[in-house]
Structures are given as C-alpha cells and as structure tokens.
Amino acid sequence: ASSALNKCFIAVQGSFGSHQVSPRGLTADLLGKLVCVEGIVTKCSVVRPKVVKSVHYSEKNNAFYEKDYRDLTSLDGAPTSSMYPSKDPDGNP
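Reading guide: rules and limits
Residues numbered from 1 in each chain as written. Predicted model: local features only at pLDDT ≥ 70, side-chain atom pairs only at ≥ 80, totals over all residues. Heavy atoms only, no water. Phe/Tyr/Trp six-rings, centres within 6.5 Å; stacked < 30°, edge-to-face > 60°. Buried < 20%, exposed > 50% of the residue type's maximum accessible area, 1.4 Å probe, protein only. Helix = DSSP H or I, 4+ residues; strand = E, 2+ residues; numbered from the N terminus. Polar contact = N/O pair within 3.5 Å; in protein donor to acceptor, adjacent residues only side chain to side chain. Contact = heavy atoms within 4.5 Å. Pairing = 2+ DSSP bridges.

Q: So what exactly am I meant to see when it comes to the packing of aromatic side chains here?
A: Aromatic ring pairs are reported here in terms of the distance separating the ring centres and the angle at which the planes meet. Here the structure, examined in full by the defined rule, presents two aromatic pairs. When the ring of Tyr57 is compared with that of Phe64, the centres are 4.9 Å apart and the planes differ by 50°; the resulting orientation is tilted. Judged by relative accessible area, Tyr57 falls into the partly exposed class, the value being 42%. Taking the centre distance of 5.9 Å and the plane angle of 80° together, the rings of Tyr69 and Tyr84 count as edge-to-face. One end of the pair, Tyr69, is in the segment after strand E4 (63-68); the other, Tyr84, is in the segment after E4, and 15 residues separate them in sequence.

And the structure:
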C-alpha cells in the first residue's frame, strides 16, 4: 500500500512551563509531549540518515514494490529488518 508523506511546518509561541527543560531534564515522562529543550551545543557530528522506504523494480512482473523500514525510534510499530529485499513478493530475483 502506498502512502504519501506530508511535511507540516508549525510555529509555537508562548510559555512551555514545566516542558521547558535542559538536555539533562529530558525524561521518559515527556515522551509524546511538545517540549522546549534549551542548552549550549558543545560538540556536533554528522548523523547518517536512515532509510525509511525503498522502492524496487521487478523486471519479470514489470512492477514496482515498496518496502517500509522501522527501527526502535519509530512510533509506527515494531522494528523491521534493515536488509534490502533481493526478491519480489512472488520470489523472483
């Protein structure tokens, strides 16, 4: 099943109250809540982007197939394997 990814940009203004924390103040009870994290960046490194979806073509079936990937940080369900498929759903290479 194909699903469109929509980007949404928002601006938030006002007091965050108890949801304005330092990086050390980030705790599990803030999961799923809008928080404001304030601090000084002392070190920055390159982060490798993770694959969220791949599209594969089957010459035999003349069709495209999509595969979604999730890891432990995904909120959409259980983690999936990070291996790319070598065969289509019908078993064709």
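Moving on from the model shown.
Q: Teacher, can you tell me more about the side chain of Ser54 here?
A: With respect to the helices and strands, the residue Ser54 is situated in strand E3 (residues 53-58). The exposure class of Ser54 is buried, given its relative accessible area of 10%. Reaching out from Ser54, the side chain makes a polar contact with the side chain of His56 at a distance of 2.7 Å. With sequence-adjacent residues up to four places away left out, Ser54 is seen in contact with Tyr65, Glu66, Lys67, Tyr69 and Tyr84.

Q: Got a minute to help me understand the pairing of E4 in this structure?
A: Along any regular strand, the residues point their side chains to alternate faces of the sheet. Both E3 and E4 contribute to a ladder of six bridges, which runs antiparallel. If you follow Val55 over to E4, its bridge partner there is Glu66. In textbook terms, the turn of a hairpin is the stretch between consecutive antiparallel strands, and for E3 and E4 this stretch comprises four residues, one of which, Asn62, has a positive phi near 50°.

Q: Is there a simple way to explain the environment of Val12 in this structure?
A: Mapped onto the elements of the fold, Val12 is located in the segment before strand E1 (20-21). Here Val12 falls in the partly exposed class, since its relative accessible area comes to 46%. C-alpha separation for the pair Val12 and Arg70, spaced 58 residues apart in sequence, amounts to 29 Å.

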